[in-house]
Amino acid sequence: MGTIRYSDTVYGNPQITYGARTKDRPLTWILLIDWDNDGVFNGDNEAARIFDLETTNGRQFYMKSDGSGPEEVSEGSVSLSLDNHDGRFDPYNLSSPLAGYIMPGRKFELKVVEEATGTTYPIMTGAIEEIRPNYGAIDTVKMTLINEKKQLSKTIVRTTVQQNMRYDDALDKILDTIGWSASKRDIDSNISEVMPYWWGGGNDAWTEMQGVADAALGMLCISEDGKLTYISRISGDSSTVKLGDSDVTLDYGIRTPSPWETVRNRIWIYARAWHQSTNVELWNSNDQLMILPGESKALWATYTAGGESAVATSVTQPVANTDYMFNSAPDGTGTDLTSYISIVMSAFATTAKLTITNSGATTAYRKLLKLRGNAITPDKYTYVGRTDQASIDDYGDLLYEIKSDWLQDVNTAIDEASILIARLVTARQYPRVKISDKPSKQFALKLFRLVNTNFVCKGISGEFRVGYIKHRWLDRTGDRVETEVFLEPNLLSNLSGTWIF
């Protein structure tokens, strides 16, 4: 177990040591929390205090119910109930060894060890969302932990325009921009398609990445070990878990969504090209800007071209008397003070930050202030349509569409429409099963990774991808765990022999 330290304090059941690994038990759970927020787990294992645990990660459906694109994953979460008889997790208990450290935002790692094999499986990493003590006949605490998706959803990304950018490189660029560690990413680079133009336009990092992934029919998630994971539609991975009839919980059986939840028989894929114009006016201020002597003011300029919002491939550093002029009077008259004005510009794809400084002894008023540069503007959307009338007759008209700035090549749109109509036009069973007391299979399941199935009783066989995973303790010790897994289509599958209804 390396440097992980376990207390030898007897807690609860006298046969069970607090945090210790005992070979006569099937599973050992590990919950590490960086209470002092120093970026290092000190080895203290909080898991022996847990008496109830449930984790969820992924998405329950492959596509949005209205057909407007793929469903994105939800924040992965862990719901825990822990014994708090000594007030260890009470933020008002000054005698707690955690006094002053009990607060949301602390990093965590949740793992489980299968003692029969010594294999350690990561379950989730992230940060504490909420800590809520509950006092009664038994003092307990409820904790909610979430994975790093929330962090990515709160971090804004702005970049300059990149040309001929691969989809995987765009994801890496976003992560580089926000300082996301290279060791915490797993980006599939199997697709060599490029976007003529790409940029981070001021949305949060997750939204920016999800847009890129959706345009390429890829899958995006935070994996069990905390890595930002992207799997392309032509991923070269292979299944490592096999599931059959004997693996599933009988009282749950093998469930599948209704056909109308999975069938789509009208596929629209939208694409549009972008064209560049050189040396155009991107922004012109009409505000009555006043800069006091010795003062600096920061402004954000949003680009337009031809009356429409624009994206700039380059922005010219403002030139005195050409792009900006300042006078001593608000009406633009008076003494010319332009020589006392300096402008520092930070230009991004859709906006620029201008820091304007007046080094003179007189208040300066804007007479002229604008930005010039090279802009790209989009064509109208071109869409590729694929329909299947026989399926429409059977199930009704069911639309599925993808519309993205990152689909800029109609040939890619044609390819994607062909892939989707082939896989979604016919009712297919996507199994949903529960598994218990099989840790080597339960905890080897990884979000969006392949699973090989052979459910003879339902006539379902072949490879699927894991779309959703839920682990739930069946007893207070965590020795028995039930895992619910939802499977979804593998876009690279062999349609003639795989998961056909």
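Residues numbered from 1 in each chain as written. Predicted model: local features only at pLDDT ≥ 70, side-chain atom pairs only at ≥ 80, totals over all residues. Heavy atoms only, no water.

Explain the overall build of the chain to me, and be specific about the residues and the numbers.
Of regular secondary structure, the chain possesses seven helices and 31 strands. Based on the C-alpha atoms only, the size of the chain along its principal axes is roughly 90 × 70 × 35 Å. Looking at the chain as a whole, 50% of its 501 residues qualify as buried. In the chain, the proportion of contacts linking residues at least 24 apart, taken out of those at least 6 apart, comes to 73%. With the model as given, the accessible surface of the chain reaches about 22100 Å², and the carbon-plus-sulfur share is 47%. (Helix = DSSP H or I, 4+ residues; strand = E, 2+ residues; numbered from the N terminus. Buried < 20%, exposed > 50% of the residue type's maximum accessible area, 1.4 Å probe, protein only. Contact = heavy atoms within 4.5 Å. Areas by Shrake-Rupley, 256 points an atom, 1.4 Å probe, with all protein chains shown as cover.)

Please provide a residue-by-residue account of the sheet that holds strand 9 (residues 185-187), values included.
Sheet architecture is open: three strands sit in the order 9-13-12, paired in mixed fashion. The open sheet is flanked by strand 9 and strand 12 (219-222), the only strands paired with a single partner. When strand polarity is set aside, the average angle formed by the axes of neighbouring strands in this sheet is 15 degrees. When strand 9 meets strand 13 (residues 228-231), the two strands line up parallel, connected through three bridges. Of the residues in strand 13, the one forming a bridge with R185 is L228. Packing of helix 2 (residues 167-177) onto the sheet brings it into contact with strand 9 and strand 13, and relative to strand 9 it is tilted by some 160 degrees. (Pairing = 2+ DSSP bridges. Axes fitted to C-alpha atoms, helices over the stretch in contact; angles between N-to-C directions.)

Requested: an account of the packing of helix 2 against helix 3 (residues 205-215), with residues and values cited.
Following both chains from N to C, one finds helix 2 and helix 3 inclined at 175 degrees, their axes separated by 10 Å at the closest point. It follows that helix 2 is roughly antiparallel to helix 3 by the angle criterion. Residues Y167, A170, L171, I174 and L175 of helix 2 touch helix 3, and the partners they reach there are A205, E208, M209, V212 and A215. (Parallel < 35°, antiparallel > 145°, perpendicular 65-115°, else oblique.)

Can you break down the confidence of the model for the chain residue by residue, with the values?
Residues at a pLDDT of 70 or more form 93% of the chain, whose mean pLDDT is 91. Of the regions scoring below 50 in pLDDT, residues 1-21 engages in 40 contacts with residues more than four places distant in sequence or in other chains. With pLDDT under 50 throughout, residues 494-501 is counted as low confidence; its partners more than four residues away or in other chains account for 26 contacts. (pLDDT = per-residue confidence, 0-100.)

How would you sum up the pattern of salt bridges? Please name residues and give values.
According to the stated counting rule, one finds 27 salt bridges in the structure shown. A salt bridge links R480 to D437; the shortest N-O distance between them is 2.9 Å. With R480 in the loop between strand 30 (460-473) and strand 31 (481-488) and D437 in the loop between strand 28 (432-436) and helix 7 (439-442), this pair connects stretches of sequence that are 43 residues apart. For R480, a relative accessible area of 36% gives the class partly exposed. A single salt-bridge network, built from bridges that share partners, covers D186, D237, R449 and R465. (Salt bridge = Lys/Arg side-chain N within 4 Å of Asp/Glu carboxyl O.)

Can you tell me about the pairing of strand 27 (residues 399-403), naming the residues and giving the values?
Here strand 27 shows a clear split, with Y400 and I402 buried on one side and none of L399, E401 and K403 buried on the other. Direction of pairing for strand 15 (residues 266-271) relative to strand 27: parallel, over a ladder of five bridges. Within strand 27, the position partnered with I269 by the bridge is I402.

Account for the sheet that holds strand 18 (residues 296-302), naming residues and giving values.
As summarised here, the arrangement of the three strands in space is 18-24-23, forming an open sheet in which the pairing is antiparallel. The strands lining the two open edges of the sheet, one partner per strand, are strand 18 and strand 23 (341-347). The average undirected angle you get between the axes of adjacent strands in this sheet is 20 degrees. Pairing geometry for strand 18 and strand 24 (residues 351-358), over seven bridges, is antiparallel. Of the residues in strand 24, the one forming a bridge with A301 is A352.

Tell me about helix 3, residues and numbers included.
In terms of burial, helix 3 is a largely internal element, nine of the eleven residues being buried. Along helix 3, the residues classified as buried are A205, W206, E208, M209, Q210, V212, A213, D214 and A215. N-cap assignment for helix 3: the residue whose side-chain oxygen lies 3.1 Å from the backbone N of W206 is D204. Following helix 3 by one or two positions, L217 adopts a phi angle in the positive range, close to 55 degrees. (Polar contact = N/O pair within 3.5 Å; in protein donor to acceptor, adjacent residues only side chain to side chain.)

Residue-level account of the side chain of T28, with values.
Tracing the backbone shows T28 in strand 1 (residues 27-33). Separated by 2.6 Å, the side chains of T28 and E115 make a polar contact.

Describe the environment of G360, with residues and values.
Relative to the helices and strands, G360 resides in the loop between strand 24 and strand 25 (364-378). Between the C-alpha atom of G360 and that of I254, which follows or precedes it by 106 residues, the distance is 77 Å.

Which residues make up the pairing of strand 2 (residues 50-58), and what values go with them?
Looking at chain direction, strand 2 and strand 3 (residues 74-83) are connected through seven bridges and run antiparallel. Among the inter-strand pairings, E54 is bridged to a residue of strand 3, identified as S79. Bridge analysis of strand 2 against strand 30 gives five bridges, and the strand direction is antiparallel. Across the sheet, T56 pairs through a bridge with K470, a residue of strand 30.

Any chance you could break down the nonpolar core for me, citing the residues and the numbers?
Within the largest apolar cluster, 72 residues are counted, with the highest numbers of intra-cluster contacts made by L152, Y167, W199, M209, L228 and L420. Not counting the four nearest positions on each side in its chain, L420 is found in contact with Y62, L217, I267, I269, Y400, I402 and V425. Within the second largest apolar cluster, 28 residues are counted, among which are L31, W35, I131 and V141. (Core = buried A, V, L, I, M, F, W, Y, C linked by side-chain atoms within 4.5 Å.)

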